[in-house]
Every structure is written in C-alpha cells, then in structure tokens.
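Coordinates in review
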Amino acid sequence: MESGQESRIENTSEVQTVDESETLADSAGAAVAPVLEARSLSKRYDEVDAVVGLDLRVGPSEIYCLLGPNGAGKTTTIHLFLGFLEPSSGSAHVMGLDVAEEPLKSKTHLAYVPEQVMLYRNLSGLENLAYFAALGGKESLPTDRLTEILGEAGLQADAVHSRVSAYSKGMRQKVGIAIAIAKEAGALLLDEPTSGLDPEASNEFSELLEQLKDRGVAVLMATHDLFRAKETGTRVGIMRHGRLVAEMTTDEIGHADLERIYLEHMHD
Amino acid sequence: MQTKTIKTILLNEWRLLAADRTLRIVLPLFIVLFAYALANGMAWVRFQEHTVQVVREGNVQRTEGLERELAAIKNGAEPSSPFRDPRNANVMGGRRGARSVALDPGPLTALAVGQSDLLPYYYDVSIYTNETTFLQNGEVENPLNLMVGRFDLAFVAIYLLPLLVLAMGFNVLSGEREQGTLALTLSQPVSARRFVTAKLAFRAMLVLAAAIGVSLIGILISGGFGSSGPLGRILLWCAALTVYALFWFALTAWVNSLGRSSSWNATVLVGAWLVLVVVLPAAINIAAGLLHPLPSRVEMITAQREASNDAVNRRSELLARYLEDHPELTGGDATDEPSRAALAWAATDAVNQRLEEVSERHRSGRDEQNELIRRYRFLSPALLVQEMLIDAAGTGDSRFARFQSQVRAYAGQWQSFFVPAILAGEQMSADVLPTLPAFNFVDESLGDVGQRATVPLSALIILVGLVGAGAWVGLGKVRGAG
Amino acid sequence: MISHIVRKEFMDVVRDGRFRWCAALVGALLLVSLGTGWVQARNAQKELAAAQATARDHWESQGEKNPHSAAHYGVYAFKPRLALSFVDEGVDSYTGTSVFLEAHRQNDFLLRPAQDATPAQRIGALTAAQVLQHLVPLLIILLTFGALAGERERGTLRQLLATGVGRLELAMGKALGASAALALLLVPAAVVGAAAIVVGSPGPATSPLVRGAVLAGIYLAYFATFIGLSLAVSARAPSARTALVVLLAIWVVNGLVAPRVAVDLSKWLYPTPSAIEFAHTLEQEMANGVEGVDRPDRAVVTQNLLAQYGVERTEDLPINAIGVFLQESEVFGDQIFDRNYGALWDTFKRQGYVHEALAVTAPLLAVRTLSMGLAGTDVEQHRHFAAAAEQYRRDLVERLNGELTENSRTGEVYLASADLWSQMPPFRYDAPEVSWVLKNRALSLLMLGLWLAGAFVVVTYAVRRAEVA
C-alpha cells in the first residue's frame, strides 16, 4: 500500500482493517469459492486513479455493499466485473473466470441492474424481459413464467403489456430486476439500485434481495444509502478515491456506528 | 448459442422496427420509389421496342417496294425516275435500298436506362454509310430531360439506396448507447461485434429484399428470365447492388464503432455520401477534362468539308456536279453513265478515308480520357457500381460500341457487295435482293460482361473488406456503454 | 442587441471545425468549377469561332458555280458559347453544337458533347451552378439545423430568451450570422466570377454583367429561402437530430427526386415523338403536302409564269422558271418544317413548363431554370439560336434562288461568278436580351418569389410558436 492519508485506517474494535480483511473474507467464504473476486484490481484513466489495488471477494448468499461518495470508484468496480472496462492491472474474476480473458463466458454468470434501467421504449415490459432473458441464454422461457417473474420483481400485472415509454423509473427498475432474476445468474451487480425510488419501493426491493440471497446469489451493490446497506447487506466496504478503506460485517455494527465510521473516512 | 443469440437480436429488431414510426414510413416510401423507377424503366423499354419494330418493318417495306418495281420493269414498265432506277447498283445499294439495323434494348434496360436515352440505337446502312453516320443523334429528346436523367432503378440504387442505409443504421450502436439500453445488452454474454452485426444484417436483409425483390419483379414482368443470357446479367445486377449496399452498411458500422454521438455519426455519414457519390466523381471528371481534353467533334465537320472539296476539285467538272445535284432540272434524258457513278464513288471513298482518320484520332483521345477516369474510379464506389449496373443492364458504353463496330463492319460488307457492281456498271435484278448481306447482331456473351465486371466488382468487394475490417477492429474495442 | 447575436453566431460558426471543412470543400469546388468552366468555355468558343470562320472561308472560295449548287453546298453554323456559360453549362452538352444549312432541308443539330462522354461523366458533371444549387444549400442546412433545436436541447434557449431578446430578433440574428459565414465563400466566388466576365467573355451575350448581377440575385434569394426553411424546421423540430433528418429529406427531394420526377411527368403529359415517327411524318408531308399546304407543281408554276409574262414558251421568259419553282418549293418546305419542328419545340417548351411548375415542390427547379436562362444555356435559347440559323438558311437560299431566277433563262446552264459568295452576308447571331429571358421565365421568377415569401412567413410563424424547453 502506498503511503498517504487514505491508507491510514482506524483500528477500532468493531472494524476490521483492510490488512485483516483477508481473514474475514476467507472466513465468510471459507467453505465455498468466491463468486466475485477482485485481485489487486486497478483502473487508471489518463491522470486519475479510479480504482487502486482492490481486493474483494463476494461469496454465495452474501450481499456486499460498496459505500462511498461520488467518484469513489464504486461504479468503475462494477464495470470492471462486467468487462465494460479493461483493468490497468490486476484482474476481476467471476466464478473463477478471468473477466478480461473470458468476457462472454463470465457474463453468463452475471446479472446487472444499472442505476438507470433503460429499456426499449416501444416494447412492453414483457417483451423487453423476453428479449434480454433470451440474450442472457434463457431463450425458451414461456410467457407465463416471464409474467410470473415480473410479478416477483414487483411490477403490477396491468403494466406488463403496456409500452415501457409509459413506465416510471421504479417500474423500469423492476423490469431490470426481473431481467436479473430470469437469468438465474450466480452473481448480481447492482449500481445504486434504489436511487430515485420511493421508500416503499425501496423496501420491496430489499425484500427481493433477501430472497435472492437465500437462493445463494452473490450480490455486489454500489450505494450511497448507509441505512439500506446496513439493513440489507451482509458486509459493507467503504471506498474513497478508488481505494477500499474499510470493510465490516453488518451484524457487528449498529446504524450509528456505520455512519460515524463512514464520516470519519470522508473527512480525514 | 451464437446463432440463437443472433436470432434473438433479429427478432427483437423486427419488433423494434415494426414499432418505429420513422422506419415504418421510410421503408414503404422506398419501395414506392423502387416501383416508380421500375415503371419508368419499363415504359422506356416499351418505347424502344416499338421503335425497333417500326425500324425493322421499314426494311420489309423498302424491299417489297424494290421487288415490285423490279418486277414491273421486267414486264416492260419504265422506272419511276431514271435516278431512282433500282437496277442501278448505287440506287439499290444507296438510299433507296438502305438497310436499317437496330439494337434491341439491353436485357435489363427496364432497370437501368443508362446511355440508351442518349446514344442512337438504329442506323441506316447503305453504300454512303461512313463515320458521319455515327455522329447522328439518338432518340428525339428534350435536352433538359437528357441533362437531368431518368428516374430509374439504377438512379435509386446509386444515389438514394445509400441514404436509406445511412438512415437505417447511423445510430445502430450510438442510439442504443444514448437511450441507455446498451448497458443492459452488454451485461449479457453478447459482444458489441455480434450485436451490431446482427442489427445491421437485419437492416441489410430488409433493404436488399426490397431492392432485389423489386428488380426481380421488374425482370419478371418484362419477361427477361427467358434465355440464359439475362440470368447471368441478373446475377451481376444483384451482386453489384448487394456489394454496394454492404459497402454503406460497413461504413455505417465503422462510424458507429468510433463511439461518437448519433448526430456526429449522421453528419459524418452524410458527408461521406456527399464526397463519395457527388464530389469525387465530379473531381475525377474535372481532372480528366483538364488533363486529357476530349478532341472536338467540330474538327470532323471541317475535315469532311475539306476532304469533299478536295475530292470534288479533282473531278473539276462543274456541269457533272450540277447534274448530280439536280439532274431532273436539265429536263434532258440523263441516262446512266457508269463512269460518272464510278467517279462519284471514288470521291466518296476518298472522303470516307479522311473521315476515318479524324474519327480514329478522336477515338484515341476519348480512350485516353477514359483511361484516366477508369484509373481513378476506384476512389468512388458510386462510379464502380454505376459501371456495373448499366453494363449488366446492357445499356452501357460497351454494348453500344459493340453495336457500332458491327454496324461499321456490316457497312463494309454492304459496300463490298455493291461497289464492284457500281464500278462495272452492272444492272441489278430482283434476284439480287435475297442475296444481300444481312445484319445479325452478335450480342455480348455472359463471359464478356462478366470479364468487364471482374475488376470493379473485386474492387468494390475489397473496399467492403477494408471498411468492414475497420469496423470489426473498432467494434472489438467497444466494451462498455460509456 | 441583434448585432451581438449576429457576431456571436458568426464566431460560433466560423470556429466550428465541421463548418470549416465543409466550407473549404464547397468553396474549393466552387472556385475550381468556375475556373475549369471558364477555361473550357473559352477553348470551346475559340474552336467554334475558328470553325465558323473556316466554314465561311469554304463558302467564299467556291469558285464559279450555279447558285443553286452553292445552296446545296451550304454552310455550317456553329452555336457559340455565351458569356456566362462557364457558370452554368445548362443543356449545352445535350444540344448539338453544329447545324448544316443547305437548300431544301432544315437539319438537326449534330455533335452533342454528351454523346462522346462516358456514363461516369453523366453522373459526375459538376458546374459552378450545380455547386450553388446543391452543395451550398447542404452547407446552409449543416450550419443552421441546430440553431434553435440545439439551443433548446442544451437549455441555452431559455437563458437567451430570459435576457429579454425577442424571438424574431434571435432568429434574424441567427440568419444573419449564418449568412455572414456563407459570405466568406460566396463573396470570393462572386468576385472571381465577375472578374472572369470582365476579363474575357468567351462568347457573345448582351450585357453579361447585368446577367451576372441578376444571376447573383437569384441565387441569393434561393439561399435566403433555405436559411428560412432551415431555421423554421430547427424551431419546430423536437430535437436537433430530427431537424437534421427532416432537412436532409427536404434536400434530397429538392435536389434528387423532384428534378427527375419532373422529367417523367413532363414526358407523360407532353409525349415526345420518337425520332423515326418524326422523320416519317416529315417525309410524308414533304412528299404529299398537308391540307392547306400543297406541294407546288412545276407545270402549274410554269403556266402561271407564262401567263404572267404573256409568252408561250419557257425559253421566252425573261427569268429562269426553275429558280421560281425552287423558291416556291422552298417556301412549301419551310411551312412543313415550321409545322413539325415548331410542334416539337413547343412540346419541349411545354415540358419545360412542367419542370418550372414542379418548382412548387422544389425551389431548385425554379433556380435552375433561371440560372440556365441567364447563362444562356437553356432549351429556349438553343431554340432562339436554331431559329436564327434557320432564318439565315432561308434568307440565303432565297437570295441564291433569286440570283438564279434573275440572271439566267429557263433551261440555260448558269454559273455565277466566284465573287458572288462573299456578297452574301455571313451568319451573325445576337443573343437575346436579359428582359427576353426573364419574360420567358416569369413562372420560375414567380415560384422563387413564392418560396422566398413562404420561407419568410414560415420562419416567422415557427419561431413565434417555438417551444422554449
């Protein structure tokens, strides 16, 4: 690790330092191999380090929340897992597959819900789902099953056949989640999934994540929302200036602790 | 897996296009344009076919007239005029017995009018046929209409088809990025290459189905599937059309792969269209005109005048000339003097030779200019495809040049048949008529057309390959949606 | 206020890389096409003038000859290139350049340059006029499609209008800014064009500078129309992209589709006879006459003359009866030619009207007609020349027949002296006045005027109604 303020990590009883996080991650996913894994993953744009030496493991049935301010590198991390970006050094792995080497194969194990789920406006929610599910390898899902998945994702039944151009952001988000569910992927990447959703929709969303977690899905979620991270996540990582500056399991801390730790990291 | 993905994308594209208002208007509009162009071309073919028929009927009528008169003379009647006496070789071989030869419209003229509205497609062959015969105008036509050109399928294909391709594809990738769907798409196991290829392939199928479908309907209606000749031409036509459309699709893919906005893509593609279809052909022509100016035809008129003055002066017999111009005005009984006919033929021959020299010089000048244009036509796919389309249709320069050279040879045969008789002062009879040389146009073989098309078609395919490779590399670099 | 907008727009446009590239390309094409057009027109005119002089030489050096033989020997007339033909070549490539003037016959114009050109030259002909008619409007579209739609998309329109500037003022400023940018390439071209006219008009034309000035005015009206249309579309289109697509569609219809549709429509409404039909009718009528126009009978002519002069035998006539008969035949033939060629020319004229009328859908058709008219390269002025050449033929043949009639007796072989030929006036052609052209093209003037006024109304309406955000 380079010297500098960012790398100085508080050594409190509740919080594991990054140096010790290896052990924690190991213990969390000791029995099974990690679904998502970053090994010294770095991404540098012209003059800016977006992600620096990131080591991260997310195992099955884990919900890992990446916290941090805008520009901390959360979205970049997700994009590196998706292969949208080429790492400057290090590597991202999905089910043991190096994303850079096996871009298409690794994506068969990934589901992704972007911050803004954008769909084909001239098609219905169902048609969008059918299309993206087919692209993801589920070519022959019957319409009944697709409708069921949309219901599971929380979309009102009467909206299923109407054009997406009439959907609200929350409805599009639900179709995005339905696409992820339909894919039955081992890993789910979420980029600020609840931003712009009303509290009720956010709660529904959290419940949905719980269900997926119970099915053994590994979830990596970038978010600003400390409260929801504590509620939904099994583990939380705090990023700043491209580095993971703190990592903790949510069982061990309270809401107030998390907020305090977060702010401490933001201000030093 | 791969074919399934492509099928999925194609199916989705179909749904999207079916729901897209602009394309719902643009594509049928194009089919209307295609059909209109085809109807136009077919009207032109009918017009030409009718003319050719009238021209050929003229031969029959003239021959029958000669037969009747020769039979009457045989039975003791006097010829209608001593100067139109069909027994004279220079009357039977001259204007009275002139044989009209016509070129049938090219097999696919309905698809490409080409040069057929400008170049003459029938001539009268007689002993007086010479290079000035080939200076005659083609069909009667308003010069304004000639300047503008016809709205035929070739026009639609060369100018408008690329615009249709650009309209359908300029935002094939950038649009997905701008509406945000690219992120979700690329998070699936689909590469940008396959995605863009499938989307463009779908559009290409629509465009080509429309273009080739209308072409084939046109050929079917005009009965062009008949013999084996047109089949090769039809294949060439379709191949040229396909490769040309693919060029524009490849260019579209390439520009999309650069990752700029849709409006940037649109501007650049329209600019490319302008440069490749309008500016470069013009620049090449301007350069050719400056570097190798075409020798003027005006020279031919002066040369003809001087040569005939010269020939006439050598005869130096003003009375004879007067009689020749207007023998009927002397009122006397001018009987045929073989020596006068021979003298006249000698002068005609001298003039013809001089004309051939001038004409040859003109031809070589034209060839030089053509050579330059041919060398630089590789810069513009529009020039390449124009060449192939009208050549395949049989309305290009080469088929007309072939016709002209066969007419020239036929005129030679005609002269060889009559000139000895003129010089010997032989009398012709009705028995001669069936033995006159006949004109049979030997049309280009498929091999000729194919051979000429090889270079431009290969060049166009190479262009598609190069641009396609650029697109392939460019799309390979597209990873994310940013 | 408005001057600020103009200045800002001008700077904006001139600093835009896309505009610079396009303007450089269009400007270069304009100058090159003007230059090569001028050189080629001058060379052609030199050659035609030389050929005309040679033709006269041939005519004058015929030696002793019967006047009617001389009429058969005939003379060639060559169509001169007019002063402004380098700006707009018009239909010159598709009309013949030379006509043979002889006794008894009105001949067709031969030697169409296009017939010797390759198909490639047919799609690639680019004169200064075509640059002005096709490419400059495209440049205008690229300059202005985003003028209002783009500002709206970026949100700057709201800001601009909040400063208190009026909508019409804003549109006017945008139009003037774009015009100023266009002037950067049009003014040099106009200067070069004017200089080319002053330095050396290739051929005869009445008041070429006046023609040039009117031509410039016509093109300015055309460009103004396009600026207006473009701004109107930009004001109403939901996005800059839509504005561009709509404007390109207008450009395609204007420059590619409408002109060719006009060709088909004109042929459909006023069909042209086929060459063989035309020749056949002419031949028939020449042989048999038509109702009211009878072929003169030599015996009748002679009888009349005998009666007129009160003699018994043709030998006793003080004139040559054959000369009289020849002239009567000539007058007969002329009537038949006037019927047939007149009808053909009238068909062409009506077809021309169809092109002009279709200017309702495409201002290019009006501008093209006016441009060719002023450059002296349209069909009507070809007809004007053809009529002059034909009139010369008729006068010449009449004089020659007169020589024969007056100076010889019937049946006598008469040879005129060698100096008679130079007494015949040479062929001289006076191109029509500008006013003649404009009167002929009133329909196009009206159409262009309508477009200009229409564009003004539409842009005013569209800008007033434009949505701000």
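Owing to the predicted nature of the structure, the values given are computational and were not obtained by experimental measurement.

This part takes up the interface of chain B and chain A. With 27 residues of chain B at the contact, the number on the chain A side is 27 residues. For the pair chain B and chain A, the two sides together bury roughly 2,600 Å², of which 63% comes from carbon and sulfur. Our count for the contact surface shared by chain B and chain A stands at 1 salt bridge. The partner of Glu86(A) in a salt bridge is Arg479(B), with the nearest N and O atoms 3.8 Å apart. On inspection of chain B and its partner chain A, the count reaches 5 residue pairs in polar contact (both at pLDDT 80 or more). Mapped by element, the contributors of at least two residues to the side of chain B that touches chain A are helix H1 (2–19), helix H7 (181–186) and helix H8 (192–221) of chain B. Counting residues per element, the side of chain B that touches chain A draws most heavily on H1(B), which supplies 8 residues. Of the residues assigned to the side of chain B that touches chain A, the class counts are 10 nonpolar, 11 polar and 6 charged.

Leu36(A), Leu188(A), Leu220(A), Leu160(B), Trp237(B), Trp248(B) and Trp273(B) are the most contacted members of the largest nonpolar core, which totals 274 residues. Tallying contributions element by element places helix H9 (residues 228–257) of chain B first for this core, with 16 residues. Looking at this core, you find at least three residues from each of domain 1 (6–109 + 185–266) and domain 2 (118–184) of chain A. Excluding residues within four positions of it along the chain, Trp273(B) makes contact with Tyr159(B), Pro162(B), Leu163(B), Leu166(B), Trp248(B), Val278(B), Trp251(C) and Leu256(C). In terms of nonpolar packing, the next biggest core, distinct from the first, is built from 97 residues, Leu355(B), Val358(B), Tyr76(C) and Trp421(C) among them.

Turning next to the pattern of salt bridges. Under the counting rule described, the total for this entry stands at 49 salt bridges over all chains. The salt bridge involving Asp225(A) is made with Arg228(A); its shortest N-O contact spans 3.8 Å. Its salt-bridge partner being Glu141(B), residue Lys267(C) comes within 2.7 Å of it at the nearest N-O pair. Of the two residues, Lys267(C) sits in helix H11 (residues 240–269) while Glu141(B) sits in the loop between strand S2 (122–125) and helix H4 (143–148), which places them in two different chains. Overall, the relative accessible area of 22% leaves Lys267(C) in the partly exposed class. A residue is classified by how much of its surface remains accessible, and Glu141(B), at 6% relative accessible area, is buried. One continuous salt-bridge network, built from bridges that share partners, spans Glu330(C), Asp334(C), Asp338(C), Glu390(C), Arg393(C) and Arg394(C).

Now for the sheet that holds strand S2 (residues 48–58) of chain A. All names here are of chain A. Pairing within the open sheet is antiparallel, and its 4 strands lie in the order S2-S1-S4-S5. The sheet terminates laterally at S2 and strand S5 (97–98), the two strands that pair on one side only. In the sheet, strand S1 (residues 36–45) pairs with strand S4 (residues 89–94) via 5 bridges, with the strands oriented antiparallel. Each residue of the ladder has a partner; that of Arg39, found in S4, is Ser91. Each of S1, S2 and S4 is contacted by helix H2 (residues 74–82), which is oriented at about 115 degrees to S1, the strand it contacts most.

This next bit is on helix H14 (residues 321–357) of chain C. All names here are of chain C. Across its 37 residues, H14 extends 52 Å between first and last C-alpha, which sits within 8% of the 54 Å expected from 1.5 Å per residue. Of all 37 residues making up H14, 26 are buried, and the element is well covered by its neighbours. For H14, the side-chain oxygen to backbone nitrogen distance between the N-cap and Ile322 is 3.0 Å, and the N-cap itself is Asn320.

The rules we used
Residues numbered from 1 in each chain as written. Chains lettered and ligands numbered in written order. Predicted model: local features only at pLDDT ≥ 70, side-chain atom pairs only at ≥ 80, totals over all residues. Heavy atoms only, no water. Contact = heavy atoms within 4.5 Å. Buried area = accessible area lost by both parts, 1.4 Å probe. Salt bridge = Lys/Arg side-chain N within 4 Å of Asp/Glu carboxyl O. Polar contact = N/O pair within 3.5 Å; in protein donor to acceptor, adjacent residues only side chain to side chain. Helix = DSSP H or I, 4+ residues; strand = E, 2+ residues; numbered from the N terminus. Nonpolar A, V, L, I, M, F, W, Y, C, P; charged D, E, K, R; others polar. Core = buried A, V, L, I, M, F, W, Y, C linked by side-chain atoms within 4.5 Å. Buried < 20%, exposed > 50% of the residue type's maximum accessible area, 1.4 Å probe, protein only. Domains from an automatic or database assignment. Pairing = 2+ DSSP bridges. Axes fitted to C-alpha atoms, helices over the stretch in contact; angles between N-to-C directions. Expected span 1.5 Å × (residues − 1).

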